[in-house]
Amino acid sequence: MNSPEIDHLIGLLAKLPGLGPRSARRAALRLLQQPQARMLPLAAALADAARTVQSCSLCGNLDSRDPCAICADPDRDQTLICVVEGVGDLWALERAAVHRGLYHVLGGTLSALGGVGPDDLNLRPLLDRATAGGVVEIILALGATVEGASTAHWLTDRLAPSGVPVTRVGHGVPIGGALDVLDDGTLGAALRARRPA
Ligand SMILES: [Zn+2]
């Protein structure tokens with residue numbers, strides 16, 4: 001019924017998180033009806049981001065610069081590193097403005113079921129940062145899931161030789177995986193209520 005170009009567009013949009021086929025059709029229609037105002041700027045932004053954005057070689061954040069803007073910011077507290085599962089968690093903490101130190105994006109959690117092992121996580125740069133000196137605390141802000149807890153234990157063991165104190169965000173705070181869904185007050189409380197790992 002549709003042209004192949006339109007079907008292709010809808011098919012790609014439907015693969016985005018939160019968009020099923022129905023939402024993808026609506027989004028495609030909106031774009032197609034306003035090519036100058038919506039579609040071409042979006043296409044340009046996608047191409048621009050695809051060309052320039054990469055993982056920060058220090059922390060794993062996404063940015064068009066390497067090191068990323070956070071790692072390169074001299075006003076951030078260089079002695080604190082907050083370890084998160086994904087960039088979405090980093091964004092949530094930044095939106096809430098509850099952490100003024102640096103980050104480390106692990107890229108997931110250990111999961112036997114999901115087939116995620118130690119080699120799949122962004123660990124080596126974190127160990128390097130911990131042993132390089134100057135870091136006084138590493139805060140684990142991982143999900144309160146089974147995977148998050150076992151990953152925290154594993155990380156604490158791996159970081160022990162560095163001698164840097166490792167803490168975990170507050171117990172009883174409902175971090176159920178993505179920090180992204182928490183409000184700013186809860187995120188702040190979780191970070192303030194951290195305890196030794
Ligand atoms: Zn960085």
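Refer to the preceding data block for the structure.
Cut-offs and rules
Residues numbered from 1 in each chain as written. Predicted model: local features only at pLDDT ≥ 70, side-chain atom pairs only at ≥ 80, totals over all residues. Heavy atoms only, no water. Donors = N, O, S within 2.8 Å, 3.2 Å for Na, K, Ca; no water. Tetrahedral: all angles 85-135°; square planar, octahedral: opposite > 155°, others 65-115°. Helix = DSSP H or I, 4+ residues; strand = E, 2+ residues; numbered from the N terminus. Buried < 20%, exposed > 50% of the residue type's maximum accessible area, 1.4 Å probe, protein only. Pairing = 2+ DSSP bridges. Contact = heavy atoms within 4.5 Å. Axes fitted to C-alpha atoms, helices over the stretch in contact; angles between N-to-C directions.

K.L.:
Looking at this model, I keep getting lost on the coordination of the zinc ion. Mind explaining?
P.N.:
Tetrahedral coordination by four donors puts the ideal angle at the metal at 109.5 degrees, and octahedral coordination by six puts it at 90 or 180 degrees. Summarising the metal site, the zinc ion is bound by the protein donors Cys56 (SG), Cys59 (SG), Cys68 (SG) and Cys71 (SG), whose distances to it range over 2.3 to 2.4 Å. With 4 donor atoms in place around the zinc ion and angles of 104 to 116° between them, the coordination shape is tetrahedral. Taken in chain order, the donor set of the zinc ion reads C-x2-C-x8-C-x2-C. With cysteine 56 in the loop between strand E1 (54-55) and strand E2 (62-63) and cysteine 71 in the loop between E2 and strand E3 (77-84), this residue pair connects regions lying 15 residues apart in the sequence. Accessibility classification places cysteine 56 together with cysteine 71 in one group, the buried group.

K.L.:
Help me understand the sheet that holds strand E4 (residues 101-105) in this model?
P.N.:
Here 5 strands make up an open sheet; going across it, the order is E4-E3-E5-E6-E7 and the pairing mixed. Looking at strand neighbours, the two that pair on one side only are E4 and strand E7 (195-196), the edges of this open sheet. Together, E3, E4 and strand E5 (137-140) form the strand contacts of helix H5 (residues 124-131), whose direction differs from that of E4 by roughly 150°.

Interpretation in functional terms is not warranted from these geometric data alone.
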